Structure formats: C-alpha cells, structure tokens
Amino acid sequence: MPDTDVRDDRSRVRGLDALELQPRRGTGERSAAETAGRIWAATWPKLAAVALVLLAWQAVVWSGWRTEFVFPGPDRVLPTLFREITTPEFWEAVQVTMRRALTGFALALVVGVIIGIAVSQFKPLRVAIGSLITGLQTMPSIVWFPFAMLLYGISESAIMFVIVLGAAPSIAGGLTSGIDYVSPSLLRAGQVMGLRGVQRYTVLIIPAALPMFVTGLKQGWAFAWRSLMAGELLVIINQQNSIGWALSQARQLNDAERLLSYIIIVLVVGIVIDVFFNWADRALRRRWGITGS
C-alpha cells in the first residue's frame, strides 16, 4: 500500500507539472508577437511625445517669439545635429565626457557605499551626519565649483571632486534606506546560518537592499551628470574637446543651431541612462517578486 500511495502521489505531481507546463508552451508560441506588442506599447508613447514636442517647438518658432537666428526651429536644428554626429570631433567629445562621467560616478559609488554601510551600521554616526547627507543632496552642484577650483585649479580633479560631492550622498541615502527596509526575518535567517562581518553584507544585506539601492544609484547618476555638465562649462581644461566645451564654443560663436543640437545630445544621453536604470530596477523587482510586470 505505501508503494501504491507513493506512485499515486508521483502521478499526481506529474499531472500537475503537465498542467503547469502546457500554458508555457502556448506562451512560447506567442512570445514573438507578445514581445513585439510590448515593445510597441512601450515605444509609441515616447514617439508621440517626441512628435508633440517638435510640433510645439516649431509652432513657437512660427509665432515669431524670437528671431530664427536666436531660436531656430527643428527644421534647422535637426539637420545640424545629424551633421554633428557624423564628425570625428563629436565622438571625441562624447568619449571625453562619458569617460569623465563614468569615472566620477565610480568614485561616487565607492564613497557612497562606504558611507551608506557605515551610517546604517553605527547609529551614533547616523545621528551625527544623517542630516548632513540630506543637506548635501539639496545643494546645487555649481556652488561647489569655486571651492573645487581653489583646491585643484583648472583640472579634471576639480570636476571629479564636484561629481563625487553631488552623487555620493544620493547613493549613500539609497543604500541606507535599502538596508533599513531589509526584512528582520532575513536578518535572523542570516544569523542562524552563521553569516558574520563582511559576508553578512555581501551575501545577505546588500542583495536584499538592491531594489532601493538602484533607486539611489539612479538619483546619484542624475546628480553626477548635472555636475559634469556644469563642470565642463565652467572648467575648460586646455580647450579639451567635450560636450560641455562644444556647448561653450557654440554660445561664444552665437551658433544657436549647434548649441541646441548639443542640448538635445545631453538630453538623449540622460534618457538612455535612465532607460538602463529603469530596466535594472524592473529586473530586480521581478526577481524579488515585487511586481509581475
């Protein structure tokens, strides 16, 4: 009898598995169409928004609010933009700017993680500098540049200094918030499993805090990007080609078409990075079962 019961249980399990797997096969057959539908559903609102912005922009130009020499329309700016992106100088400028952005953000990440872990671990430290971290987040990054230039002169170190000051507080705040919301049951499970010291953070706490930490990283990148753009406009290092330097040159030459072209480029880079962080956030939330979409 026990063997018969075991065989019956196994048969029922196989039957349940078959029921569970059957829809998945159907879903696999429709996956290409569903994927295309999801891509289109996510794309068409953005395309519609771009079209509306271009129409509104052109309507303002047609209204005569400013002369086209000062405020050209998309019919003049977009061809200039397409010409710019085909030149080697443009890609050199993008390379320099992105190198600075990634280097500064990496430094801010290291500083922010160290501060976030320290603040979450030691309550007296949180009481001492918690409000300071929040205050640093609210300060405009441009305020730091006179002091940075006094410390480091006209150099990339001045730009890195301001990027770290702008981005690290947001990263630290996101990590601290994520650690604060780690489930106590997970912490107790880690204690039972014998997780201690650095291993406790690398194996348990940091992975559990990742969804909120990614939000802090996203905000930190936004501050880093703003700080970098301000720095490249203010700190001109031996006229080194960069996006900020190209903006400054276009302004000095009263070249409104090229100026607006680079403003669009700055916006596009920001949107692309934002899309990446949104994708990472959704992937982490799906992994943790926070959302099914």
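All residue numbers refer to position in the chain's written sequence, counted from 1. Only residues with pLDDT of 70 or above have their local features reported here, since the model is predicted, and side-chain atom pairs are shown and tallied only from 80 upward, although totals for entire chains, interfaces and linings are computed over all residues. Each side-chain value is worked out from all heavy atoms of the structure, with water and hydrogens disregarded.

Undergrad: I tried to follow the packing of aromatic side chains on my own but got confused; where do I start?
TA: Aromatic ring pairs are described here by two measures, namely the spacing of the ring centres and the angle between the planes. In this analysis, rings of Phe, Tyr and Trp, with Trp reduced to its six-membered ring, are considered paired at centre separations within 6.5 Å, and the interplanar angle assigns stacked below 30 degrees, edge-to-face beyond 60, and tilted for intermediate values. What the rule picks out here adds up to 10 aromatic pairs. Pairing Phe105 with Trp221 gives two aromatic rings, centres 5.6 Å apart and planes at 80 degrees, and the pair type is edge-to-face. Within this pair, whereas Phe105 is found in helix 4 (residues 88-121), its partner Trp221 is found in helix 9 (residues 197-234), the two being separated by 116 residues in sequence. Taking the relative accessible area as the measure of exposure, Trp221 reaches 6% and is therefore buried. With 5.8 Å between their ring centres and 15 degrees between their planes, Trp221 and Trp225 make a pair best called stacked. Of this pair, Trp221 and Trp225 both sit in helix 9, separated by four residues, roughly a single helical turn. In this structure an aromatic cluster arises from ring pairing among Phe105, Trp221, Trp225, Phe276, Phe277 and Trp279. Charge-over-ring contacts are defined here by two conditions on Lys NZ or Arg CZ: a distance within 6 Å of the ring centre and an angle within 35 degrees of the ring normal. Positioned above the aromatic ring of Trp65, the side-chain terminus of Arg66 is 4.5 Å from the ring centre. Between the NZ or CZ atom of Arg226 and the centre of the ring of Phe223, over which it lies, the distance is 5.5 Å. The secondary structure listing takes helices from DSSP runs of H or I that are at least 4 residues long and strands from runs of E that are at least 2 residues long, numbered from the N terminus. A simple rule labels every residue: compare its accessible area, found with a 1.4 Å probe on the protein chains alone, to the largest value its type can have, and call it buried under 20%, exposed over 50%, or partly exposed in between.

Undergrad: Which parts of the structure should I look at to understand helix 10 (residues 243-252)?
TA: Since one α-helical turn is 3.6 residues long, residues separated by three or four positions face the same way. In terms of burial, helix 10 is largely enclosed, as seven of its 10 residues are buried. For helix 10, every residue scored as buried is listed here: Ile243, Gly244, Trp245, Ala246, Leu247, Ser248 and Ala250. What makes two residues a contact is simply this: any of their non-hydrogen atoms within 4.5 Å. On its buried face, helix 10 is in contact with helix 4, helix 9 and helix 11 (256-287).

Undergrad: It is not clear to me how empty space enclosed by the protein should be interpreted in this structure. Could you clarify?
TA: Left-over empty space is what a probe sized like a water molecule reveals as it rolls over the atoms. Definitions used for this entry: grid spacing 1 Å over protein atoms alone; cavity, a set of points where a 1.4 Å probe fits but cannot get out; pocket, an open set with protein on both sides within 12 Å along at least 5 of 7 lines; lining residue, one with an atom within 4 Å of a point. Grid points are joined across faces, edges and corners, and a volume is the space filled by probe spheres set on the points. Counted under the stated rule, the structure contains one cavity of 30 Å³ or more. Lining of the largest cavity is provided by Leu136, Gln137, Met139, Ser141, Trp144, Leu165, Gly166, Phe223 and Ser227. Only helix 5 (123-138), helix 7 (156-180) and helix 9 provide two or more residues apiece to the lining of the largest cavity. Of the residues contributing to the lining of the largest cavity, the split by class is five nonpolar, four polar and no charged. Residues are grouped as follows: Ala, Val, Leu, Ile, Met, Phe, Trp, Tyr, Cys and Pro are nonpolar; Asp, Glu, Lys and Arg are charged; every other residue, Gly included, is polar.

Undergrad: Quick question: what am I supposed to make of the layout of surface pockets here?
TA: Considered as a void within the structure, the largest pocket measures approximately 690 Å³ in volume. Forming the boundary of the largest pocket are 27 residues, of which Val50, Ile264, Leu267, Val268 and Ile271 lie nearest the centre. Of all the secondary structure elements, the ones that give two or more residues to the lining of the largest pocket are helix 2 (31-62), helix 3 (74-84), helix 4 and helix 11. Looking at the lining of the largest pocket residue by residue, the class counts come to 24 nonpolar, one polar and two charged.

Undergrad: Just to check I follow, could you spell out the packing of helix 4 against helix 7 for this structure?
TA: Any two packed helices are characterised by the angle at which their axes cross and by the distance between the axes. Their axes nearest at 6 Å, the elements helix 4 and helix 7 cross at an angle of 40 degrees. Comparing the axis directions of helix 4 and helix 7 gives the class oblique. Pair helix 4 / helix 7 crosses with right-handed handedness. Tallied by class, the residues present in the contact of helix 4 with helix 7 amount to 19 nonpolar, six polar and three charged. Axes, fitted as lines to C-alpha atoms, cover a helix only where it is in contact. Angles between the N-to-C directions of the axes lie from 0 to 180 degrees. Convention used here: angles under 35 degrees read as roughly parallel, angles over 145 as roughly antiparallel, angles from 65 to 115 as roughly perpendicular, and any remaining angle as oblique. For any helix crossing, the convention is left-handed if the near helix is rotated counterclockwise from the far helix by under a right angle, and right-handed if that rotation is clockwise.

Undergrad: How should I be thinking about a nonpolar patch on the surface in this particular structure?
TA: Taken together, the side chains of Met139, Ile142, Val143, Leu233 and Leu234 present a nonpolar region at the surface, about 410 Å² in accessible area. Within the fold, Leu234 resides in helix 9. Patch building starts from residues that exceed 30% relative accessible area and form no salt bridge, then joins like charges within 9 Å and nonpolar side chains (Val, Leu, Ile, Met, Phe, Trp, Tyr) within 5 Å. Using the Shrake-Rupley algorithm and a 1.4 Å probe, accessible areas are obtained, with residue cover drawn only from the displayed protein chains. Take a side-chain nitrogen of Lys or Arg and a carboxyl oxygen of Asp or Glu: if they are within 4 Å of each other, that pair is a salt bridge.

Undergrad: Please clarify how unusual backbone geometry should be interpreted in this entry.
TA: Leaving glycine aside, a negative phi is the common case for residues, and trans is the common case for peptide bonds. In this model, Asn254 sits at a positive phi of 55 degrees, which is unusual for a non-glycine residue. With respect to the helices and strands, Asn254 occurs in the loop between helix 10 and helix 11.

Undergrad: Could you clarify how one ought to interpret the confidence of the model for the chain in this entry?
TA: Keep in mind that low pLDDT regions are not for reading the predicted coordinates in detail. On average, residues of the chain score 82 in pLDDT, and 88% of them reach the 70 mark or higher. Of all the helices and strands in the chain, helix 1 (residues 2-29) carries the lowest mean pLDDT, 47, while helix 3 carries the highest, 92. pLDDT gives the predictor's per-residue confidence on a scale running from 0 to 100. Note on residues 15-29: pLDDT is under 50 here. Beyond four places in sequence and across chains, it has one contact.

Undergrad: Just checking my understanding: could you explain the pattern of salt bridges for this structure?
TA: Pairing of side chains with opposite charge becomes possible as their charged atoms draw close. In total, this model carries eight salt bridges according to the counting rule given. For Arg100, the salt bridge identified is with Glu156, shortest N-O distance 3.4 Å. Of this pair, Arg100 sits in helix 4 while Glu156 sits in helix 7, placing them 56 residues apart in sequence. Take Glu156: its relative accessible area is 23%, and that puts it in the partly exposed class. Among the ionic pairs, Glu232 bridges to Arg100, the shortest N-O distance being 3.0 Å. Of the two residues, Glu232 sits in helix 9 while Arg100 sits in helix 4, which places them 132 residues apart along the sequence.

Undergrad: How should I be thinking about the packing of helix 2 against helix 3 in this particular structure?
TA: As a packed pair, helix 2 and helix 3 sit with axes 10 Å apart at the nearest point and diverge in direction by 125 degrees. By the angle between their directions, the pair helix 2 and helix 3 is classed as oblique. Residues Leu54, Trp57 and Gln58 of helix 2 form the contact with helix 3, whose participating residues are Pro74, Asp75, Val77 and Leu78. A per-class count over the contact of helix 2 with helix 3 returns five nonpolar, one polar and one charged.

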